[in-house]
Amino acid sequence: MKKILRVEQIQKYYGNKENLTKAIDGISFEVEEGEFIGIMGASGSGKTTLLNCISTIDHVSSGHIFLEDRDITEIKEEEIAKFRRENLGFIFQDFNLLDTLTIEENIALILTINRMPEEEIEKKTKEIARKLGISDILNKYPYQVSGGQKQRCACGRAIVHSPKLILADEPTGSLDSKSARQLLEIMEQMNRVMQTTILMVTHDPLSASYCSKILFLKDGKIFNKIEKGDSTNLEFYNEILDVLALLGGDIRGC
Amino acid sequence: MLAKLSFRNAKRQAKDYTIYFITIVLAVALMFSFHSIAVSEDIENLSQMMNYFSKTILVISMIIMVVMAWLINYTMKFMLEKRSKEFGTYQILGIEKKDISNIFTLENLIIGVFAFFVGIAGGTLLYQVFTSIIMKIFGQPYEIAIEFKIEAVGITAMYFFGIFLLVLWNNRRKIKKTKVYDLLYADKQNENNKIKNPKGNLFLFVISLVLLVCAYGINAKEFQDPNTMSGRNIMLAVLLLIVGIYLFYFSLSSFIVKRYLEKPKRKYRKDNLFLYRNLTSKINTMSLTMGTIAMLFTFIFIGGNVALLLNQLLNNEIDMGYPFEVMVSSEEEDLSKYQTYIEENSDVTDIYQYKLYQVPETGVYHALDGTSFEGRYEEGMDSVIGLSDYNRLREILGLEKVSLQSNEAIIQCMKTTETYFEAYRKQNQRMEIRGETLTIKEVKGDNFGQIYFNGYTYCLVVSDDLFNQIAEKNEQGDSEIGLQYKMIAQTKETTSEDFYNGLFDLIPTRIVKKTVEVNGEREEYEMEIYLGDVSTRGKRESETKSFFTIISFLAFYIALICMMAATTLLAIQQLSDSEKYKYRYQTLKKIGMDELATNQIILKQLLIYFGLPILLPLFLSIPITLSVANIFQIAVTLLEIWKIIGMTTGFVLLVYMIYFIATDIQFERNVNGE
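Procedures and definitions
- Residues numbered from 1 in each chain as written.
- Chains lettered and ligands numbered in written order.
- Predicted model: local features only at pLDDT ≥ 70, side-chain atom pairs only at ≥ 80, totals over all residues.
- Pairing = 2+ DSSP bridges.
- Helix = DSSP H or I, 4+ residues; strand = E, 2+ residues; numbered from the N terminus.
- Axes fitted to C-alpha atoms, helices over the stretch in contact; angles between N-to-C directions.
- Contact = placed C-beta atoms within 7 Å.
- Domains from an automatic or database assignment.
- Buried ≥ 20, exposed ≤ 12 C-beta atoms within 10 Å, placed from the backbone.

Undergrad: Whenever I open this one, the sheet that holds strand 6 (residues 88–91) of chain A confuses me. Can you help?
TA: Two modes of strand pairing occur in sheets, parallel and antiparallel, and in both the strands are linked by backbone hydrogen bonds. Residues and elements named next belong to chain A. The strand order 6-7-8-3-9-10 describes an open sheet built from six strands, whose pairing is mixed. The open sheet terminates on both sides in strands that have one partner only, identified here as strand 6 and strand 10 (221–227). Sheet twist, expressed as the mean angle between neighbouring strand axes with direction ignored, is 20 degrees. In this structure, strand 6 lies alongside strand 7 (residues 165–169), joined through four bridges in parallel fashion. Each residue of the ladder has a partner; that of leucine 88, found in strand 7, is leucine 165. This element, helix 5 (residues 147–159), spans strand 6 and strand 7 of the sheet and lies at about 170 degrees to strand 6.

Below, the structure is given as structure tokens:
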């Protein structure tokens, strides 16, 4: 299978000489096309920093990140935004939907930024909304719909322009368990049916159990890596809990 | 401790209110400098009319303070809204509401007092500038000396703090009344941005346009003829204008939705979606502000234009009506006493005596039919001047001489009527004076003193032969021909008001007995009739100067402050939104819009917000000014009217641009900076 993302020995430092914090300390991994990869870890383990580096919002201190064959750590400042809107899709924890736009328009926004022809925008938006099951609320405003619907709209916005990689930062963080489960099923479906590659940061084992592969981070390093393989969600969930217990045990051991 | 914390917070937010602070400082500076002028004896002594100037300033300051109160209140409301979370947190920590409102009061008082003193300092300088300009207008020597008018400080302080404390007290009460929950979640409250009844709104939009057109129509009709102008109808037009403007902005959002957001084709083009949704989400609350600002600007534009037109009228009137320094008209042939007085009391360079005959109408006045000059010719009489007198006068005025055959005539008229007479000449070619048919050789529009001196609006120039024939007939006792003895003089220096008064006293009078019938009884009364008339350019100029100074300074004062207040309000509203809705722009950036494109969107958005409230006033004020200018066309040409419109518009747009640029820069900083 085609490798979509290759992270090579990246490091990210904060602070100055006297007080140096290594947020990421030599992480390498690869993501293949159509994978649903999860990144887990306690707060301060560096998972959000890693996501920010991949999403070009933050810069690495050293190392390389390749999206397909392009080194994104070398992209010029003025090209970053263009790269981001053409290749990446984002799902944020607090949805980040614009309250002045309807659900439909929120999805269409990224396409207008990409300057897609107007007729196509409408067609594409409607199609994605149908797939995500939010066709009936398209003309509503974000404050008129539920949290789950908002997050599905956010998924629509992340996927509508067919990005190479979707980055999700705690997508279920502000949802109740039922909505969270619905959202994860949709993400799983996006991953399976549309062959979208998703990279999700989460600290919730249930969310992580929907992934096909999980990286555990600790103090800026990869602590463990597990793959779902043929196991069911429940089996995988238990496996995750085991690793987390180990992670926690290690913390206690310090 | 709390004071320290709160003060630090206030300082952190100060950058958003820089524009507000500068506007208050400028307003205080302007107010103080005008109050200094109002109490200045030097200026009061300049002329009698300048007395009114001082009193008017104090009245206008009251109007200005109402506008300032509006601005200060609005800004404090924004400050409160922005700091609601901070104040809520204080309350949760157990700090009493009273203490919190005390802190807020104290902070604002510090801002107010500071702005006041900076303003006073700036105003002292401005006062010097204004005084030297006024002194220069009146041709008086003036030395710049730092002068500090303590009374003016008192008046300014009274006005400023009167309003400031009132507004502050009102906001203080507001803090005391709010609940903790509202404070903490004030920024979470979503505005209901749904437009109620879009169809009805669209109907209102059309109605507003109809009202505005009606306002213009009534206004244009009233100003067509100054003689039949009705104040009631003009008030109606003003009322329609105000209602129309507010209605326009209240229903505008529906129009935008229909125009830009209904069809996907327009909606999804470029940045339309983000821009117009932002606009329509806010316009329900913005429409009141926009309407008020637009109304202010409409009146600033029209008021500024009219003030300048008035000045132009007076200046042109001097040029047209007073090309000679001294002009004497008399029914008596002997003008020697005038001549002696003029020669003794001024440095004469030229003096000339001549005759002007009045002949029964020739029909030339029909040239003015249907114009604003209609009905202004002298009752049935046309003035006639001889060629050699005419040429001598032209020589004195520095104009080239003209020649004339005995069967030809020239129409000499006021500059503003030249086109009408030229059209008449082209159509008729000829005219008839006392049975003689003459070819109209040409029409001259040079300034020739034709406001009741060398004829009213026009006179006819004929060959010396014909002129002598008319004179002969007059001597033979032809009762249809009238005669006026005229004398003009040019001097080296402009003559004074005293010179005029002395000249005026020379005019002989005759007592005439007249009878009137009152309630069936015949009553006899005596009337003093002046047997002549004198006028001087010097006297007219000094009257005009006072008028010019009063009108233009007051117009400038009120227009500038109203404009600054309105624009500051717009700027503050935008800047406070830029903080409040920062996440919108940051989301745009996160999903892949670069900084340049974001800044472009901000620029476009501000262009819309700043453009909307000024475009309508611009569109309205130009035709309205043109229709009002109709009554000024007696002495102001169309080109001059357009120049004035250009000047007013240019000045307003310049000040507006400065605020616009400042807002744009700060907005980008707020959104881009972390």
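Undergrad: What am I meant to see in the pairing of strand 4 (residues 62–67) of chain A here?
TA: The side chains of a regular strand alternate, residue by residue, between the two faces of the sheet. Residues and elements named next belong to chain A. Inspection of the sheet shows strand 1 (residues 3–15) paired to strand 4 by five bridges, in the antiparallel sense. Bridge assignment links valine 7 to a residue of strand 4, and that residue is isoleucine 65. With two bridges joining them, strand 4 and strand 5 (residues 70–71) adopt antiparallel strand pairing. Bridge pairing in strand 5 places leucine 67 opposite arginine 70.

Undergrad: Would you take a moment to explain the interface of chain B and chain A for this structure?
TA: A common way to state how big an interface is: give the accessible area lost once the parts meet. At the interface, 19 residues of chain B touch 23 residues of chain A. Mapped onto the side of chain B that touches chain A, the elements with two or more residues apiece are helix 11 (264–267), helix 12 (272–321) and helix 19 (582–590) of chain B. With five residues, the single largest contributor to the side of chain B that touches chain A is helix 12 of chain B.

Undergrad: Help me understand the domain arrangement of chain B in this model?
TA: All names here are of chain B. For chain B, the assigned domains are domain 1 (1–189), domain 2 (191–325 + 571–674) and domain 3 (326–493). Between the C-alpha centres of domain 1 and domain 2 the distance comes to 27 Å. Those elements that place two or more of their residues in the side of domain 1 that touches domain 2 are helix 2 (18–39) and helix 4 (50–82). Take the side of domain 1 that touches domain 2: its biggest share by element is three residues, from helix 4.

Undergrad: Could you clarify how one ought to interpret helix 1 (residues 47–54) of chain A in this entry?
TA: For the α-helix, the turn length of 3.6 residues means that residues three or four positions removed from each other point alike. All names here are of chain A. Counted residue by residue, helix 1 has six buried out of eight residues, so it is predominantly covered. Listed as buried for helix 1 are Lys47, Thr49, Leu50, Leu51, Cys53 and Ile54. Immediately downstream of helix 1, the backbone of threonine 56 shows phi near 60 degrees, a positive value.

Undergrad: Would you mind going over helix 3 (residues 103–113) of chain A with me for this structure?
TA: Residues and elements named next belong to chain A. Burial of helix 3 is extensive: 10 of the 11 residues sit out of reach of the surface. Every buried residue of helix 3 is listed here: Ile103, Glu104, Glu105, Asn106, Ile107, Ala108, Leu109, Ile110, Leu111 and Ile113. Looking at the residues trailing helix 3, positive phi occurs at arginine 115, about 55 degrees.

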